[in-house]
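# Observations on the model geometry
Next come the chains, spelled out residue by residue.
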Amino acid sequence: MTAAETETPLSAPLDVGFDYTRSVGPVLGRFVNALRERRVLGVRGDDGRVHVPPVEYDPATARALTEFTDVADEGTVESWSWVAEPLDGQPLRRPFAWALIRLDGADTSLLHAVDAGSPAGIRTGMRVRARWADEPVGHIRDIVCFVSTESPPGDPAPAPAPPPVADRAEGDPVSTVITPIHLNFLHSASPEESRYLRGLAEGKLLGQRCPACGKVYVPPRGACPTDGVPTTDEVELPDTGTVTTFCIVNVPFLGQRLKPPYVAAYILLDGADIAFLHLVLGCEASEVRMGLRVRASWKPREQFSTTLENIAHFEPTGEPDAPYESFAHHL
Amino acid sequence: MAKQLAAVLGTGQTHHRAKRTDVSMPGLLREAVDRALADAQVDWPEIDAVVLGKAPDMFEGVMMPELFLADALGANGKPLLRVHTAGSVGGSTALVAASLIQAGVHRKVLTVAFEKQSESNAMWALSILPPFQMPVGAGAGGYFAPHVRSYLRRSGAPEHVGAIVAAKDRRNGALNPFAHLRQPDITVESVRASQMLWDPIRYDETCPSSDGACAMVLGDESSGDAVEGGAAWIHATAMRTEPTTFAGRDQVNPQAGRDAAAALWKEAGITDPLSQVDTAEIYVPFSWFEPMWLENLGFMAEGEGWKLTEAGETALGGRLPVNPSGGVLSSNPIGASGMLRFSEAAKQVMGRAGDYQVDGARTALGHAYGGGSQYFSMWVVGSAKPGS
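Just so it is clear, the model here is predicted, and its values are computed rather than measured.

Counting 163 residues, the largest nonpolar core has Trp198(B), Ile282(B), Phe299(B), Leu365(B) and Trp379(B) as its most contacted members. Here this core takes 9 residues from helix H14 (residues 334-350) of chain B, the largest share from any one element. Those residues within four positions of Ile282(B) in sequence are excluded, and the remaining contacts are Trp293(B), Leu294(B), Leu297(B), Phe299(B), Val322(B), Asn323(B), Arg341(B), Leu365(B) and His367(B). Counting 26 residues, the second largest nonpolar core, distinct from the first, contains Val24(A), Val77(A), Ile101(A) and Leu110(A).

Written out as C-alpha cells, the structure is:
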C-alpha cells in the first residue's frame, strides 16, 4: 500500500452561483404579467384542456398555443409531499408541503407550496387558495403559497425576500425573470493529487512516472492517460523550467481573480513531460517568449497551504533560452 | 451490413443575436425547428425521433433541458435523445441523428441544437476554478491563445493571416441574413487595429457570444428522393475523441482530428480533398483555426494551411471557399455552432445558400470541434447519392 492510499484525500468547498436571466417569451410572459395583477392565466390546448401554468406548445400536437383563459386562484390538492426542513431559496422558511394543485377551471395541476403547519394539516382533496404577495412583481412567487380555504393558518408564514427583478423601462411588461442558482459542492482531490498538494505545502514539487512509457506527470494523475497503468513511482522535481507557450490575458471577465494584463504560460518543469499553466512575472509581458527559462517565486513559507498558489509566479532565471527543439514536442 | 442511405431533407436556423430576449428557450428552438420543417416540407406526425444537442448545462443553468423542452420539440410519445460533446455538440448531435437513419431504425429524424448564451455568461462558466488550482484560466480564448502561438511558431505563418480569415468570414456573414455579426466593410487593417484580448488573439479575430438555434430534418433514401431540387446526401461521417492533456499531446494538430479526417475521406472515396471538395464549413471560433484545421483536415500539408488562406483561395470564388456563411466568427450560439456548419454544408449542395451560394457546389464538408480540441465530428454531404 502506498502512502497516497493511506492518507485522507484533501477536500474543500466549491461554491458556484449565478443569477441566470430567463426571457419568458410571449406565453409565460402573459402568465407572469397576469400574476402581477393577481390573476392566474391558463392556455387552452388543442384537445380543449386548460394548461396552468400555460405551455407554449401543445404537448400532443406540438402546435403553438395562443388561446388564454383566466382560472381561479382557488383549487384542489391532488397530491403532496411534506418538507420538514426547508432549504434556502424555497418558498417558505418553516415546514411546508409541496403540492400539485388543480385550480378551478384548469385541467392540469400547478406545483406550489402549501402552508399547512404539519402533515396533519394537509390532505389530498383539500381545498386551497392563493396567498398573494403584498407587492407582486411578475414572478411565480407573487403567489407566496397556498393555504386551506376552511382553516387557514392563524399566523401566516413569513415569506422570504421577494425575487430579484430585471431592469426594464417604466411601463414595460415583464419580459425577463431572474433565477439565482447556487451549487455547493465538496470538491475532493484524488489520493495522488492530495499527496502532491501536501508536498506543495512543504515547498516540494512531486510528480509521478509512468512505469510503461516513463513519462513524468506533474501534478500526478494516478494513472497514465496514455497507458492506463497506475503511476506509483514518485519523482521530486526542481522548481525551474521552460516556458513552452503562453498568452497575455488583456481581457477582464466576471469571476476573474487576477488583474489583467497578465501572462498565462505553460511551464515545463525540468524533468517533467507535461507543462502546467502558471503566471510569469518579473519582466515585461512583451519580453516573455517561448523557450524562456524560469524559476518559481514562492510565497513566504508561513503563507503556504495545499495549493499551487504557494508559487506566486515564475520569473526569468537569466539563463539562455531553451532551444526550440527541446520543447517542440510539448506544444 | 451496409449503412442505409441518409439525407438532409431541410434545414432551419434562428436569427442569431447577442440577446434574443423576445423569445423563451423553447421559442428560440421552435424558430429553427419550424423553419427546418417548412424547408423539408415535413409535418410533426412524420417525425419518428428527436435528437437534441447543447453545450454545458452551466451555460443556461438548466439541468437536463431536454426534459422541459420535450413539448416544444414535439417529442411526446417519441424517442428523445440529448447529446453533449462540448462545442462540437452540434456536429455530433447531427451524426447521432444520422446514425438512427443509417441503422434503419427510423425514417425521419428531427435534430436540433441551441445555446441561449444571454441567460448566463460563458466566460464565467468556462473559468470556474476548483479548489487547489492556480487561477490563470481565462475562458476559451485564454485556453486556445497559447496553442495559436505554438502554431505561429511552428508554421512561420505571417502575422496578418489571422486578420485575413476574420475579415473574410465577417464579410461572408454580411451575405447571410441569419448571421449575428454582419460587417461588410471590415478590412484586414481594421482587424489588425482591434484590441488584443488574449495575445496573440485580437478582438475582431474572436467569435461573438450569440443566442441561436439550428435544426435539420434527416431522412432515409425514399425521403431523400422526394426532396424537390434534391436532398443533401450524407456520404461520410466521422467522430473521434482524445484526452485534453497527456504527455506529448499535439495541441496544434491533434491526432483525433487527423484520424477523424482520414476516416472521413476514406469513407467518402475522396483521395485529394482540396480538389474534390467544393466548399467547407469549418469550426473556426478564433481566426487562426482556419489554417490550423486546413492542415488537421488534410486539405493542406502540415505548416502550409496559412498559404491557402493568404492566397485568397478560402474566400468565395477561391479554390476552396471556407465558411461562406460567415462561420462561427459571425454567429456563435455555442451548442448550435457545429450543427450550423453541418447544415450550411448541406444548404450548399442543395443549392439553397442564397447570396453566399458557391457556384456548382456538389460536395461539401461540415466540421465541428469542442472541449480543449478533444472532440471532433464531421460529415461530407453531396448533391448526388453516394456511389452514383
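Back to the text.
Below, the discussion takes up the state of the cysteines. Chemically, a disulfide is nothing more than a covalent bond linking the sulfur atoms of two cysteines. Residues and elements named next belong to chain B. If you walk through the whole model with that rule in mind, you get 0 disulfides over all chains. This cysteine, Cys214, is not joined by any disulfide, and Cys207 carries the nearest cysteine sulfur, 17 Å off. Residue classification places Cys214 among the buried positions, given a relative accessible area of 0%.

The next thing to look at is the interface of chain A and chain B. Across the boundary between the two partners, chain A contributes 66 residues, which contact 59 residues of chain B. For the pair chain A and chain B, the summed buried area comes to about 4900 Å², and 62% of that belongs to carbon and sulfur atoms. The partner of Glu119(B) in a salt bridge is Arg22(A), and the shortest N-O contact between them spans 2.7 Å. Viewed at the interface, chain B and chain A are joined by 23 residue pairs in polar contact (both at pLDDT 80 or more). Among the secondary structure elements, those contributing two or more residues to the side of chain A that touches chain B are strand S1 (11-23), helix H2 (25-36), strand S10 (176-188), helix H3 (191-200), strand S14 (240-249), strand S15 (262-269), strand S16 (276-280) and strand S18 (311-316) of chain A.

Quick look at the sheet that holds strand S4 (residues 68-71) of chain A now. Residues and elements named next belong to chain A. Strand order in this open sheet of 3 strands is S3-S2-S4, and the pairing throughout is antiparallel. This sheet does not close on itself; its edge strands, each paired only once, are strand S3 (50-51) and S4. Examined bridge by bridge, strand S2 (residues 40-44) and S3 share 2 bridges and lie antiparallel to one another. Within S3, the position partnered with Val43 by the bridge is His51.

This part takes up the domain arrangement of chain A. When the domains of chain A are assigned, the result is domain 1 (25-174) and domain 2 (191-330). For domain 1 of chain A versus domain 2 of chain A, the separation of C-alpha centres amounts to 54 Å.

All names here are of chain B. If you trace the backbone, Pro386 turns up in the segment after strand S11 (375-382). Distance from Pro386 to Leu181, taken between C-alpha atoms, is 35 Å for residues 205 residues apart in sequence. Leaving out residues up to four positions away in the same chain, Pro386 has contacts with Leu5, Trp233, Ile234 and His235.

Before going further, it helps to spend a moment on the sheet that holds strand S3 (residues 80-83) of chain B. Residue and element names in this part refer to chain B. The strand order across the open sheet formed by 9 strands is S3-S2-S4-S7-S1-S8-S11-S10-S9, and the pairing between neighbours is mixed. Here the strands that pair on one side only, and so sit at the sheet edges, are S3 and strand S9 (279-281). When strand polarity is set aside, the average angle formed by the axes of neighbouring strands in this sheet is 25°. When strand S1 (residues 6-13) meets strand S8 (residues 232-241), the two strands line up antiparallel, connected through 2 bridges. Counterpart to Ala7 in the pairing with S8 is Trp233.

Each value, and the rule that gives it
Residues numbered from 1 in each chain as written. Chains lettered and ligands numbered in written order. Predicted model: local features only at pLDDT ≥ 70, side-chain atom pairs only at ≥ 80, totals over all residues. Heavy atoms only, no water. Core = buried A, V, L, I, M, F, W, Y, C linked by side-chain atoms within 4.5 Å. Buried < 20%, exposed > 50% of the residue type's maximum accessible area, 1.4 Å probe, protein only. Helix = DSSP H or I, 4+ residues; strand = E, 2+ residues; numbered from the N terminus. Contact = heavy atoms within 4.5 Å. Disulfide = S-S within 2.5 Å. Buried area = accessible area lost by both parts, 1.4 Å probe. Salt bridge = Lys/Arg side-chain N within 4 Å of Asp/Glu carboxyl O. Polar contact = N/O pair within 3.5 Å; in protein donor to acceptor, adjacent residues only side chain to side chain. Pairing = 2+ DSSP bridges. Domains from an automatic or database assignment. Axes fitted to C-alpha atoms, helices over the stretch in contact; angles between N-to-C directions.

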